[in-house]
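Close look at the chain arrangement
Residue strings, one per chain:
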Protein chains: 2
Amino acid sequence: MKLLEDRILSEGKVLPGGVLKIDGFLNHRLDVELLDSLGKDVAAHFSNQKPDLVLTVEASGIAFAVMVAKYFGCRVLVAKKHRSVNIADDVYTAKAFSFTHKRENTLVVSKEYLQAGMKVLVVDDFLASGSATVALLSILEQAGATPVGIGIAVEKSFQGGREKLESMGLDVYSLARIADMDETGVKFVR
Amino acid sequence: MKLLEDRILSEGKVLPGGVLKIDGFLNHRLDVELLDSLGKDVAAHFSNQKPDLVLTVEASGIAFAVMVAKYFGCRVLVAKKHRSVNIADDVYTAKAFSFTHKRENTLVVSKEYLQAGMKVLVVDDFLASGSATVALLSILEQAGATPVGIGIAVEKSFQGGREKLESMGLDVYSLARIADMDETGVKFVR
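Residues numbered from 1 in each chain as written. Chains lettered and ligands numbered in written order. Predicted model: local features only at pLDDT ≥ 70, side-chain atom pairs only at ≥ 80, totals over all residues. Heavy atoms only, no water.

**Brief notes about the pairing of strand 4 (residues 53-57) of chain B**
All names here are of chain B. The cut-off we apply is this: The classification of residues rests on relative accessible area computed with a 1.4 Å probe and restricted to protein chains. Under 20% of the type maximum is buried, over 50% is exposed, and intermediate values are partly exposed. Labels follow the DSSP assignment, with helices taken as runs of H or I lasting at least four residues and strands as runs of E lasting at least two, numbered in each case from the N terminus. For two strands to be treated as a pair, DSSP must find no fewer than two bridges joining them. When the strands point away from the viewer, a crossover counts as right-handed if the route from the first strand across the helix to the second turns clockwise.
For strand 4, the tally of buried residues reaches 5 of 5 residues, placing the bulk of the element in the interior. Neither face of strand 4 is exposed, since Leu53, Leu55 and Val57 on one face and Val54 and Thr56 on the opposite face are all buried. Bridging between strand 4 and strand 5 (residues 75-82) involves 5 bridges; their strand directions are parallel. If you follow threonine 56 over to strand 5, its bridge partner there is valine 78. Taken together, strand 4, helix 3 (residues 62-72) and strand 5 form a β-α-β motif whose crossover is right-handed. With 3 bridges connecting them, strand 4 and strand 8 (residues 119-127) associate as parallel partners. Counted as the bridge partner of valine 54 is leucine 121 from strand 8.

Okay, here's the thing in structure tokens:
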């Protein structure tokens, strides 16, 4: 998606350690108009799937997921992040490793809000190794819900997440796919 | 706002310890259509203020803040929560005590995204003792930015937050004001 790629090129910075800093529009300061355009594009791609629910992870996936769900007229379910969790009967949990924070989190969702048979679109701001997304898929499997696809704002295509998800038979749709990046700049998959 | 009060009455549960559980539409599962109506109402109330920015706290304030900002055509700045923080030169920080989680967090905002002279609307899903809101106001003061008002979804009017903020001369606008609540139900301020 040219709109997002242009914003990454004009405002993004690559920090040491492979961190792409685009928090000026995506997850610290939020450009609501841009996020609306991203949500519209993802919803158009998955329009045949008619999901019952959009599932994401707090905190940085929320704004993007809300904008996707708006176009489907469905609700968003936000997996909570806990560093440790007392596993209660009424929640589904799965572990995910955060690339940015270099730590493992437990993702938690109330069973009450995720029913067997639901069609669920999984949405997140970043896809790197796919750890968070795989954890969300594990939660869907525990609930007997069906993933209808994966919608991503920015994919780091060199970190293996897409291959992992595609090998599970999933449609991965990313609005910007970064082939390579370093302090001199960002290159997209063509 | 009757729409929100009715949802609290029909779906809310009061848990022991004074916690109002309305996470089925406000902050775990998100009713996007309802949040849009809440955002529109808050924006209408502050329409004369024309804020440059909406400021909130991760994670549960984000969806509501995005919907408010959409009606102003402005951006959202999301204060990050850290349990501890190495205070760097390029951020503003302030401490807040979380009523729900019974712990102190440090709220963090990049200086880059908050300039002196900006008119900022502070938005959050809950107002109780006002600790998080006061921390956000401290960040605005550090930046030399001006708060133009406080927009809240659900106010627990018996916990003192409103009085604290009004004594600072601020316009506090809450969509639902809870006068009292216990296991038998919720009563609103009339």
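**Considerations on the relation of the copies chain A and chain B**
Under the convention used in this document: When the copies are overlaid, the least-squares fit takes in C-alpha atoms only where the residue has pLDDT of at least 70 in both copies. Residues count as neighbours in contact if any of their non-hydrogen atoms are within 4.5 Å of one another.
Least-squares fitting of chain A to chain B yields an RMSD of 0.0 Å, with the superposition described by an axial translation of 0.0 Å and a rotation of 180 degrees. A rotation of that kind, with that shift, is consistent with a two-fold axis. Across chain A, the rotation axis passes nearest the C-alpha of A:Ala59, at a separation of 2.5 Å. In this assembly the copies share their binding face: 100% of the residues contributing to the interface of chain A also contribute to that of chain B.

**What about the packing of helix 2 (residues 32-45) of chain A against helix 3 (residues 62-72) of chain A?**
Residue and element names in this part refer to chain A. Put simply, the test is: Whenever a helix is involved, its axis is fitted only over the stretch in contact; in every case the axis is a line through C-alpha atoms, and angles between N-to-C directions fall within 0 to 180 degrees. Oblique is the label for every angle not falling under 35 degrees (roughly parallel), over 145 degrees (roughly antiparallel), or within 65 to 115 degrees (roughly perpendicular). If you view the pair so one helix is near and one far, a crossing is left-handed when the near helix is turned anticlockwise from the far one by less than a right angle, and right-handed when it is turned clockwise. Under the scheme applied, nonpolar residues are Ala, Val, Leu, Ile, Met, Phe, Trp, Tyr, Cys and Pro; charged residues are Asp, Glu, Lys and Arg; polar residues are all the others, including Gly.
Taken N-terminus to C-terminus, the directions of helix 2 and helix 3 make an angle of 50 degrees; their axes are 8 Å apart at the nearest point. With respect to their mutual orientation, helix 2 and helix 3 come out oblique. For helix 2 against helix 3, the interelement crossing comes out right-handed. From helix 2, Val32, Leu35, Asp36, Leu38, Gly39, Lys40, Val42 and Ala43 reach across to helix 3, where they touch Ala63, Phe64, Met67, Val68, Lys70, Tyr71 and Phe72. Classifying every residue of the contact of helix 2 with helix 3 gives 11 nonpolar, 1 polar and 3 charged.

**Considerations on helix 2 of chain A**
Residues and elements named next belong to chain A. Defined as follows: Take the residue count of a helix, subtract one, and multiply by 1.5 Å to get its expected span. Polar contacts, as used here, are pairs of N or O atoms within 3.5 Å; protein pairs need one atom able to donate a hydrogen and one able to accept it. Residues neighboring in sequence count only if both atoms are side-chain atoms.
An ideal rise of 1.5 Å per residue puts 20 Å on 14 residues; helix 2 measures up with 20 Å between its terminal C-alpha atoms. Within helix 2, burial applies to Val32, Leu34, Leu35, Asp36, Leu38, Gly39, Val42 and Ala43. Of the residues that open helix 2, the one with a side-chain oxygen 3.2 Å from the backbone nitrogen of glutamate 33 is aspartate 31.

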